[in-house]
6 protein chains.
Amino acid sequence: MRISIVNPNSTRSMTEMIAQAARRIAALGTEICAYQNDDGPASIEGHVDGALAVPGLLRTLRVAEADGAEGHIIACFDDTGLDGARSILTGPVIGIGEAGARMASLVARRFSVVTTLSVSVPILEDNLVKAGLATSCASVLASEVPVLALEDDPEAAGRKIAETVERAIERDGAEAIVLGCAGMADLSATLSERYGIPVVDGVASAVKLIEGAVAIGLRTSKRGGYALPRPKTGGA
Amino acid sequence: MRISIVNPNSTRSMTEMIAQAARRIAALGTEICAYQNDDGPASIEGHVDGALAVPGLLRTLRVAEADGAEGHIIACFDDTGLDGARSILTGPVIGIGEAGARMASLVARRFSVVTTLSVSVPILEDNLVKAGLATSCASVLASEVPVLALEDDPEAAGRKIAETVERAIERDGAEAIVLGCAGMADLSATLSERYGIPVVDGVASAVKLIEGAVAIGLRTSKRGGYALPRPKTGGA
Amino acid sequence: MRISIVNPNSTRSMTEMIAQAARRIAALGTEICAYQNDDGPASIEGHVDGALAVPGLLRTLRVAEADGAEGHIIACFDDTGLDGARSILTGPVIGIGEAGARMASLVARRFSVVTTLSVSVPILEDNLVKAGLATSCASVLASEVPVLALEDDPEAAGRKIAETVERAIERDGAEAIVLGCAGMADLSATLSERYGIPVVDGVASAVKLIEGAVAIGLRTSKRGGYALPRPKTGGA
Amino acid sequence: MRISIVNPNSTRSMTEMIAQAARRIAALGTEICAYQNDDGPASIEGHVDGALAVPGLLRTLRVAEADGAEGHIIACFDDTGLDGARSILTGPVIGIGEAGARMASLVARRFSVVTTLSVSVPILEDNLVKAGLATSCASVLASEVPVLALEDDPEAAGRKIAETVERAIERDGAEAIVLGCAGMADLSATLSERYGIPVVDGVASAVKLIEGAVAIGLRTSKRGGYALPRPKTGGA
Amino acid sequence: MRISIVNPNSTRSMTEMIAQAARRIAALGTEICAYQNDDGPASIEGHVDGALAVPGLLRTLRVAEADGAEGHIIACFDDTGLDGARSILTGPVIGIGEAGARMASLVARRFSVVTTLSVSVPILEDNLVKAGLATSCASVLASEVPVLALEDDPEAAGRKIAETVERAIERDGAEAIVLGCAGMADLSATLSERYGIPVVDGVASAVKLIEGAVAIGLRTSKRGGYALPRPKTGGA
Amino acid sequence: MRISIVNPNSTRSMTEMIAQAARRIAALGTEICAYQNDDGPASIEGHVDGALAVPGLLRTLRVAEADGAEGHIIACFDDTGLDGARSILTGPVIGIGEAGARMASLVARRFSVVTTLSVSVPILEDNLVKAGLATSCASVLASEVPVLALEDDPEAAGRKIAETVERAIERDGAEAIVLGCAGMADLSATLSERYGIPVVDGVASAVKLIEGAVAIGLRTSKRGGYALPRPKTGGA
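Keep in mind the model is a prediction, meaning the values are calculated, not measured. (Residues numbered from 1 in each chain as written. Chains lettered and ligands numbered in written order. Predicted model: local features only at pLDDT ≥ 70, side-chain atom pairs only at ≥ 80, totals over all residues. Heavy atoms only, no water.)

**What about the overall build of chain A?**
The test is simple: Secondary structure elements follow DSSP: runs of H or I no shorter than four residues count as helices, runs of E no shorter than two count as strands, and numbering proceeds from the N terminus. For the radius of gyration, the atom set is restricted to C-alpha positions; the globular benchmark scales as 2.2 Å times the number of residues to the power 0.38. Any pair of residues with heavy atoms lying within 4.5 Å of one another is described as a contacting pair. The protein chains shown are the only cover counted for residues, whose accessible areas, like all others here, come from Shrake-Rupley with a 1.4 Å probe.
Along chain A, the regular secondary structure elements total nine helices and eight strands. Relative to its length of 236 residues, chain A is compact, with a C-alpha radius of gyration of 17 Å against a globular reference of 18 Å. Along the longest, intermediate and shortest principal axes, the C-alpha atoms of chain A span 55 × 35 × 35 Å. By sequence separation, contacts in chain A at least 24 residues apart represent 69% of the contacts at least 6 residues apart. Accessible surface, chain A as shown: approximately 8,100 Å² in total, 50% of it carbon and sulfur.

As C-alpha cells, this is what we get:
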C-alpha cells in the first residue's frame, strides 16, 4: 500500500527527516511517499503559519491522492488543515498530533504533550478538546526549544526537553509523554528508558494508524462533517 | 472610529449587501470600511472553501489595519480565519457567527442557529464548543437554502427558513434564533414578529460588539493564544 | 436611548461612582439613569447579601422600565438577581460580571477574574459555569481587598490588586483580566499598561453590550427560561 | 433530633400537607417542625417568585435554628434560597429538589424529573447542573398541571402526570422518576407500582438525608462556598 | 430493618471493624449484618484486587439478600462491584466511596478525598466522574498510608493523614474532607475539630443513605442500566 | 510478532470465529494466538456476566503473556476487564469496543455504535465517556438481536441490524457505524456498501491498533493508573 506523508512547510531537511522516520517504522509492503508543501512557510509556529500553509497543503494532498496514495499523514503536530484534508480525500487522513495522542491513550490513563514553543500550546489544547482527548491529557507543555534548535544544538535542546518531561511526570502526573514535534523522534527511546514510561512519537504513530485503517478498508466518510465540497458556479 | 468588515469570499454583490447591513446599524461616528477577499472562493461552504479563503483574508485584514481600522469583522458565519486574524491584528476582531451567538445569549437562555446548508453545521457546532457557547445552543439547523437562492427566489427561501425556525422552537425549545447567514439579515424583523422571539442577525451584532470593544479601549491580547507570529529566518 | 443602571446595594457613594463610570463611556445619545436599591444591604458580599437585595432590586428595575429605560444593567459583579430581572423586563438586561467576561473573551483566549473577597469566588465561578464562560476562564482570584478599602486606602489596595493580577498572569496563564468590582474601574488603564494585556471593566462592558442590544432591537425572550411570571390568584 | 421543614410560600394548606408528609416518614425520635414563610408568595412558579421568597425564607430558617432545629429542609422543588440558607445555618440544609435527585441516583442510572409547569424546567435544569446531577438526568418534563390543580381535580391531574411519566420512560429512557412537586407525594406509590420503577418523592428523601447527616454529626462547612456573611458596618 | 454490609476482602479484622463502625451509627431498629468475602483478596488495592473480589462479593450479596437484608453496603472505598451488585439485587445498594462523597456534597461546595495509596486515586477519580460528583471534588489525594499501617502505627499514620488533609484545604480549597478508607473512621471527629470543617466517614454515610432509601421504600430499578441478567442457556 | 486475542466467555464457536476474523486481517508476520476463558460465562450480557468473567480472563491473559504474546486484545465489545488487564500486563492491551470507536473517529466526525441487546447500552456509554470518545459518538443503539441469533437466523438478524444502522444515520446523524459485536464482523462490508459510510469492525480495528503499538515499541505505562499490583502479605 502507498501512504503519503506531507510536510506542510517548505523546509527540505525536515521533509527528509520525516520521510526517514516514517520509512523506518513502515511495514513491509508499505511505500511511504513524502511530499513537501513548497508554497508553505519555512516552519509552522502558531495560527498564522498554519493558515498560510493550508491551501498548498491541500493541493499537495490532491497530488498525492492522484499518485495513488491510499492513506495520508499531515506531518505537523498542529494537525494543520486536517478537517479540510478529510473533506477532499477519500482515503483516511491523520495528523501526527492526533496520532500521538491516540496511541498514548492506549498505554496510559493520562499523558502529557511536550512541544516546542508556547505559541503552539493553545492550538494543541484546542485540537485535543475537539478530538475528545482532553480528558486523557494531563498537560501540554512547551520546552521553549524552537524546531531548528533541535538540529543546531541537540545537547542543550535535549536537556531542556528532558526537564520538561520531568515536570510533566512530577507535577502533572503524566503516565506517558507524547513528543510534540517531528524533530524530537530520535529522543523517544532514550527518554522512555530514562523515565520508565512510554514516550510516543507522532510520526510513527501516524504511520501505524493509517496502515491499519487502510488495511481494514476504511475510507473517510463523505456524509456530514467531511462531506465533499459542492462544485462552485460563478464567482472569482 | 473606523471598523473594517471583510467578506472572505470574492462575490461583489455579497460584499455590498454586507456593507449596507453594517452601515445601516452603525452608530453615528462609526465609519464602516468594507473589504473583499478577491483571492477567495465565490462562497464559503465547508472546510475547504474556508481554508482557501484564509491567506487572502489575512492579507486583506492587514490592509484594513494599515488603512486605520481600529476593529475588525469577519463577515462569514463560519468565523473563517478568526484565530489567525486575532494573532496578526491589535484591534479587536470578531466573526459574525460568534457575534450572533453572543448577542442571543444576552436575551435568551437557549438559542438555535438556522443556517444555509448542512455542510456548515459541523463547523458551526465546533465553533460554538470552542467559544463555550454550546451549552446555550439548543440546535444548529440547516434550512438547505444555498446562499445564492436567497437572492434568486426569496419567497421560497423565506418559506424554508421559516419552517426551520419553527422546528427549532417547537422541537428543540429555542427561545431565540440566530440567523446563520449574512444574506438572511432582512428576514430577522419579520421572523421575530411572527414567532414572538428574538431573531438575531450576525452582522448587526458584530458591528455593535466591535464598536463597544473599541470604545472601551480593548485590543486583542498578545500574550498566549493570540501572540504575534515570530519573525521567520530562512526557509521558503 | 435610555439605559438604567441599578446598584443593588444602598450605598450612595457607590451608586454615584457607578453612574459616573457608565456616563463616561456611554455613547452620545445614550442617557444613563442610575438607580439605587434603598432596601438593599450596604454592600453585597456573598449569597445572603445577594438574596436580600433581590426583591428591592426587582422593584427598582420595574420603576426604571416604567421610566422608559429600554435596557438595563445590574451593577454588581455577582450578577445578583439576573434571572429574575430577565423574567420581568422586556428590554435586554445584563450584569456587570457577565458583561466583563463576555468582552474579555473577544480579545483573549483565557482570562482571569480578580475580585475583592474570597466569599465571592464560588458565586462568580458558578455564574461563569452557567453562562458557558468557564472554559475561557483561567481562574477567579480574590485580592482580599474589601470594597470600601478601595476608597479608604487606594494605594495599599492597588498594590494588592496588582499582585493578584500578576499571579493570574504568571501562574494561571491569564491573557486578559476582568476586574471584578465596580470600584476597581479606575485601575484598568494603569494595569493594562503595566502588564501589557487587556484589563476589562464590567461597567463599561455592560454599557456597550446593552447599547448594542437595544440598537439592534433585541428584547429579552419571553419564551422558556425568562417567561413572564403567571398572575397569582389567592395566597398571601 | 429536631428538623425544620420550611415552606417558602405562604399557602397554609401546602405547609400542612408538607408537614404531614414529612412526619409520616420521619424516624422515631425525629421531631419535624414545620414553618411557613408568611412573607412569601402564594406559590413559587419561576425565578421571580423564588427571589421574592428568599428574604422571608432566610428569616424563617434563623427562627427555626433558634428554636433548636439541627437540620433543615427547604420544601420547594426549586431549592429556593439553598445557597443563602447554607451560608447562615450551621446544621445541614437540603432542598427537596436536590434530595429527590440524589436519592434517585442511588437506585437508577438515569432518572427523569416530572414537575408541574414548564416555567420551572430551566430552573430545575440549572440546579441539576450545579449539583453535578445533570449527567444522571434523562430529562426534566413539565406535566403542565399547576400546583393547585392537584387538589382541585386530582383525577385529571393524575392522568396528565401519568402520561408525562410514560413519556419519560418510553422516549427518554428514564429508569426512575423524581416527582417534582411536594403535592405529588401521594402519587408515588401508585405510579411506582403501575410502571415498575422507583418513583421518588422529594420530601421523604429530604427527611431521610437530613436525619442521616445530623445523625453522623455533619454540619455545613463554613469555609469557602458557604462561609458566614461578614458583619456589616454602615450602609442601609 | 436489616441491612447487609459486605467487606469485599477476606481480612477478618477489617470486617469486624467495619461492622462495629456501622452498628455504632445505625438507628434503633436497624440490624446490621456484616458479611465477609472469603474468596476475596486480603485487601483491595487497585484494579486487579477489585476485579478478583467481585465474583465472591456478588455471591455474598445474594446470600445477604436471601437472609432478608433489604439494603446493602459494599464496604470498600473503590465501590468494588457496585454496578454488578445493583444488577442482581432488588434492595438499594451503595458503596462507601459514593456514600461519603454524596454526604459531603450536602455540607460543602467542594470536598477532597483523602485515601490510602496512590494506586487507588485513578479508580476513585473515575468513580466520581461516573457518579457526576467530579465537579464537586477539589482533589483526590493519597496519604501513602497503607491500610494495615493504620493499625500497626496509628500515630505515624495519623500524622501523614493530617498533613494530607491540610494540603487539601490549603492548596486545593477543600471545604470538607471525605476519608477514603474504612480504617480511618476513628479519625474523623479529631480531624474535623482540628481543621474546623466537616470530615466525612464513608461507612457512617452509607448506613444512613441505605437506611433512608429502605425507609422510603426505594428499590433498585430493574429497567435499563441495572436490569437483571437474562437467564443463560447452554455455554460453559 | 505474537498477539493474543482472548475471548472472555467460554463459547468455543465464538472463540473460533473471533480467531478467524483476527487472522484474516493480521499482517504478514503477525501470529494471532486465540485463547478462551473456560471459567467465564457462555456469553457476556451486562454487568454481572462481565464481572464473573474477569478473574478467569486475567488468568488467561497472564498465560498469553507467558506464552510470549507482546500485545493483547480482549474480544468483548464491553471491554471487560480492560483496566485490570492493563495493570498486570506490560504489552499494550485493547478491547474491541474501544478499538472500533477509535478507528471510527479517524474517518468520521460522529459515529454510532450498533450493538446487540439494550442491556449493553449503558456499559458501552460509560466506556465511551471514560475513554473521552463520548463527544464523537452520536448514539449507542441496540438492535435487540442476541449474540446467538446471529448464527441461528442470519437473515432476520441482518434485517434488524440494517434497520438500526438506518436509524443511526437518519435520526442521529451518524457518519460512520461501529458494529458492537464480534459476531457482526461479516456484515461490515455489505452495510458499508449499502449505506455509503464506513462500517467499522472492532476485531479488525483492535488487531491493527495492537500491531501498530507493538511495532513502535509501546508498552503499558506502569506509573499511575495502570501500576502493577503491590505484592500481598498475609490475608486469604
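**As for the sheet that holds strand β5 (residues 111-115) of chain E**
All names here are of chain E. Put simply, the rule reads: A strand pair is defined by DSSP finding two or more bridges across the two strands. To define axes, lines are fitted to C-alpha atoms, for helices over the stretch in contact only, and angles between the resulting N-to-C directions are given on a 0 to 180 degree scale.
A sheet is described by the order of its strands in space; here four strands give the open sequence β6-β5-β7-β8, paired in parallel fashion. In this open sheet, the two edge strands, each paired with only one partner strand, are β6 (137-142) and β8 (199-201). Across the sheet, the axes of successive neighbouring strands diverge by a mean angle of 25°, strand direction being ignored. Across the face of the sheet, helix α7 (residues 154-170) comes into contact with β5, β6 and β7 (176-180) while running at roughly 155° to β6. On the sheet, helix α8 (residues 187-195) packs against β7 and β8 and is oriented at approximately 170° with respect to β8.

**Brief notes about the pairing of strand β3 (residues 71-74) of chain C**
Residues and elements named next belong to chain C. Put simply, the rule reads: Burial here depends on accessible area, computed with a 1.4 Å probe over protein chains only, as a share of the maximum for the residue type. Under 20% is buried, over 50% is exposed, and the range in between is partly exposed.
Of the two faces of β3, the one carrying G71 and I73 and the one carrying H72 and I74 are both buried. Pairing analysis gives four bridges linking strand β1 (residues 2-7) to β3, with the strands arranged parallel. In the strand pairing of β3, I5 is matched with I73. With three bridges joining them, β3 and strand β4 (residues 93-95) adopt parallel strand pairing.

**What about the relation of the copies chain F and chain A?**
The condition that has to hold: A residue counts toward the fit only if its pLDDT is at least 70 in both copies, and the copies are then superposed by least squares on the C-alpha atoms of those residues.
Superposing chain F onto chain A requires a rotation of 180° together with a translation of 0.0 Å along the rotation axis, leaving an RMSD of 0.0 Å. As the rotation angle and translation indicate, the two copies are arranged about a two-fold axis. Among all C-alpha atoms of chain F, that of G132 of chain F lies closest to the rotation axis, at 2.5 Å. Both copies present the same face, since 100% of the interface residues in chain F are matched by interface residues at the equivalent positions in chain A.

**Observations concerning the side chain of S120 of chain A**
Residues and elements named next belong to chain A. In this structure, S120 sits in the loop between β5 (111-115) and α5 (121-130). Taking relative accessible area as the criterion, S120 reaches 4% and is therefore assigned buried. Dropping the residues within four chain positions of it, S120 is found in contact with D78 and T115.

**Section: the interface of chain F and chain A**
Stated formally: When two components associate, each loses some accessible surface as probed by a 1.4 Å sphere; the sum of these losses over both components is called the buried area. Every case where a carboxyl oxygen of Asp or Glu lies within 4 Å of a side-chain nitrogen of Lys or Arg is listed as a salt bridge. Two N or O atoms count as a polar contact when they lie within 3.5 Å, although within protein this holds only if one can serve as hydrogen donor and the other as acceptor, and sequence-adjacent residues are included solely when both atoms are side-chain atoms. Polar here means any residue other than Ala, Val, Leu, Ile, Met, Phe, Trp, Tyr, Cys and Pro, which are nonpolar, and Asp, Glu, Lys and Arg, which are charged; Gly is therefore polar.
On the chain A side, the residues contacting the 42 residues of chain F number 42 residues. Across the chain F to chain A interface the summed buried area is about 3,200 Å²; carbon plus sulfur atoms make up 65%. Put simply, chain F and chain A have zero salt bridges between them. Along the contact surface separating chain F from chain A lie 10 residue pairs in polar contact (both at pLDDT 80 or more). Looking at the side of chain F that touches chain A, the elements that each hand over two or more residues are β4 (93-95), α4 (96-107), α7 (154-170), β8 (199-201) and α9 (202-215) of chain F. A total of seven residues in the side of chain F that touches chain A trace back to one element, the largest contributor, which is α9 of chain F. Taken together, the residues that form the side of chain F that touches chain A break down as 23 nonpolar, 10 polar and nine charged.

**Structural notes on the pattern of salt bridges**
A full pass over the atoms with the stated rule returns 68 salt bridges over all chains. A salt bridge links E125 of chain A to R109 of chain C, with the shortest nitrogen-to-oxygen separation between them at 3.2 Å. Note that E125 of chain A is positioned in helix α5 and R109 of chain C in the loop between α4 (96-107) and β5 (111-115), a pairing that runs across two chains. A relative accessible area of 10% places R109 of chain C in the buried class. Ionic pairing is found between R109 of chain C and D126 of chain A, a salt bridge with its closest N-O pair at 2.9 Å. Here D126 of chain A lies in helix α5 and R109 of chain C lies in the loop between α4 and β5, a pairing that spans two chains. D126 of chain A carries the same exposure label as R109 of chain C, and that label is buried. When salt bridges that share partners are traced, they join R109 of chain A, E125 and D126 of chain E together with D83 and K130 of chain F into one network.

**Details of the pairing of strand β2 (residues 31-36) of chain D**
Residue and element names in this part refer to chain D. As a reminder, the rule being used: With strands facing away from the observer, any crossover in which the path from the first strand over the helix to the second runs clockwise is taken as right-handed.
Sheet topology places strand β1 (residues 2-7) next to β2; six bridges connect them, and they run parallel. Among the inter-strand pairings, I3 is bridged to a residue of β2, identified as I32. On the question of chirality, the crossover connecting β1 to the parallel β2 by way of helix α1 (residues 12-25) is right-handed.

**Digging into the environment of S118 of chain C**
Residue and element names in this part refer to chain C. Structurally, the position occupied by S118 is in the loop between β5 and α5 (121-130). Overall, the relative accessible area of 39% leaves S118 in the partly exposed class. Each C-alpha atom, one on S118 and one on A142, is 5.0 Å from the other, the two residues being 24 residues apart in sequence. The residues touching S118, leaving out its near neighbours within four places in the chain, are A142 and E144.

**Observations regarding the domain arrangement of chain A**
A common way to express how large an interface is: the accessible area buried when the components associate. All names here are of chain A. Our working rule: Segmentation into domains, and thus their bounds, comes from an automatic or database assignment.
What the domain assignment reports for chain A is domain 1 (2-96 + 204-215) and domain 2 (97-201). Spacing between the C-alpha centres of domain 1 and domain 2 amounts to 20 Å. The junction of domain 1 with domain 2 conceals about 1,900 Å² of combined surface from both sides, 61% of it contributed by carbon and sulfur atoms. Connecting domain 1 to domain 2 are three salt bridges. Among the salt bridges present, the one from E98 reaches R86, with a minimum N-O distance of 3.3 Å. At the surface where domain 1 touches domain 2, the tally comes to 11 residue pairs in polar contact (both at pLDDT 80 or more). Counting only elements with at least two residues in the side of domain 1 that touches domain 2, the list comes to α1 (12-25), α3 (82-88), β4 (93-95) and α9 (202-215). In the side of domain 1 that touches domain 2, the residues fall into 11 nonpolar, five polar and seven charged.

**Describing unusual backbone geometry**
Of note in this structure, E144 of chain A is not a glycine but carries a positive phi near 60°. On the secondary structure map, E144 of chain A appears in the loop between β6 (137-142) and α6 (149-152). On the basis of relative accessible area, E144 of chain A is assigned to the partly exposed category, the value being 37%. Non-glycine residue D79 of chain F carries a positive phi angle of around 55°. Here D79 of chain F is to be found in the loop between β3 (71-74) and α3 (82-88). On the accessibility criterion, D79 of chain F (11% relative accessible area) is buried.

**Some points on the arrangement of the chains**
No interface is formed between chain A and chain D, the nearest pair of C-alpha atoms being 16 Å apart. Taking C-alpha atoms only, the smallest gap left between chain B and chain E, which are not in contact, amounts to 16 Å.

**Details of helix α2 (residues 47-66) of chain C**
Residue and element names in this part refer to chain C. To keep things clear, this is the line we draw: Helices are assigned an expected span. That span is 1.5 Å times one less than the residue count. Here the bend at each residue means the angle between axes fitted to two seven-residue stretches, the one ending at that residue and the one beginning there.
In this model, α2 (20 residues) spans 29 Å end to end at C-alpha, consistent with the 28 Å of a helix rising 1.5 Å per residue. Of all the bends in α2, the greatest, near 40°, is centred on V54, and the proline P55 appears no more than four residues after it. With 14 of 20 residues buried, α2 is to be regarded as a mostly interior element. Backbone geometry just after α2 places G68 at a positive phi near 105°.

**Some remarks on the environment of G50 of chain C**
Residues and elements named next belong to chain C. Structurally, G50 can be placed in helix α2. Taking the C-alpha atoms as reference points, G50 and G81, separated by 31 residues in sequence, lie 7.7 Å from one another. In contact with G50, not counting residues within four places along its chain, are I44 and T80.

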